[in-house]
Amino acid sequence: MKKLLSAAIVASCAFASTAALAVTPAKDHFESTDDAVEYRQAAFKLIGDVFGARLGGVARGDIEYDADAVKANAQVLSTLINLPWVGFADGREGGKASDKIWSNKDDFNKKAQASIDAVAELEKAAESGDLAKFKQAFAGVGQSCKSCHDSYREK
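None of these values were measured; they are calculated from a predicted model. (Residues numbered from 1 in each chain as written. Predicted model: local features only at pLDDT ≥ 70, side-chain atom pairs only at ≥ 80, totals over all residues. Heavy atoms only, no water.)

Let us now look at the overall build of the protein. Counting its regular elements, the protein contains 6 helices and 0 strands. The secondary structure elements of the protein, listed N-terminal to C-terminal, are α-α-α-α-α-α. Residues counted as buried form 41% of the 155 residues belonging to the protein. As presented, the protein carries roughly 8600 Å² of accessible surface, and 53% of it is formed by carbon and sulfur atoms. (Helix = DSSP H or I, 4+ residues; strand = E, 2+ residues; numbered from the N terminus. Buried < 20%, exposed > 50% of the residue type's maximum accessible area, 1.4 Å probe, protein only. Areas by Shrake-Rupley, 256 points an atom, 1.4 Å probe, with all protein chains shown as cover.)

UniProt annotation of "binding site: heme c" (unreviewed entry) refers to C145, C148 and H149 when read in the numbering used here. Within the annotated group, the residues that form the lining of the largest pocket are C145, C148 and H149. Relative to the elements of secondary structure, C148 occurs in helix α6 (residues 131–152). On the basis of relative accessible area, C148 is assigned to the buried category, the value being 9%. Among all residues touching C148, those that are not within four sequence positions of it are F108, K111 and R153. Here H149 shows up in helix α6. Using a relative accessible area of 37% as the deciding quantity, one classes H149 as partly exposed. (UniProt positions renumbered as here; feature names shortened; annotations may be inferred. 1 Å grid on protein atoms, 1.4 Å probe; cavity = no way out; pocket = protein on both sides within 12 Å on 5 of 7 lines; lining within 4 Å. Contact = heavy atoms within 4.5 Å.)

And the structure:
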């Protein structure tokens, strides 16, 4: 797991200065399906920490609003949201992912892209320094994530 988290951090640094990644990569780099599942779960764990705990705490009012910290965390989230999708290549079923992902790949990819787009809006809102705009964009990210989870995550 440490290897995968290290790889995710290195990957996030490498992707930080690039445009949004394609949701459907040509070929994954995993040695096994278990590696792909572990990778995407690690990526989602990082996303959950930044979105749910760091930014979510601010949105809920549990953490005092600090525009610079929100902006920095939104930038990190903007990088992280691009990471998990490579772990959903064909033949990489398993984990908490529903088999419907692979039988309805176009819809899954649209929902993944909607999450990437929603995080881009969150980053813009965070850059504005306006707490109300941030909270509105935060809700949009939550809705996009929920839409995908409702359709494609095993309960």
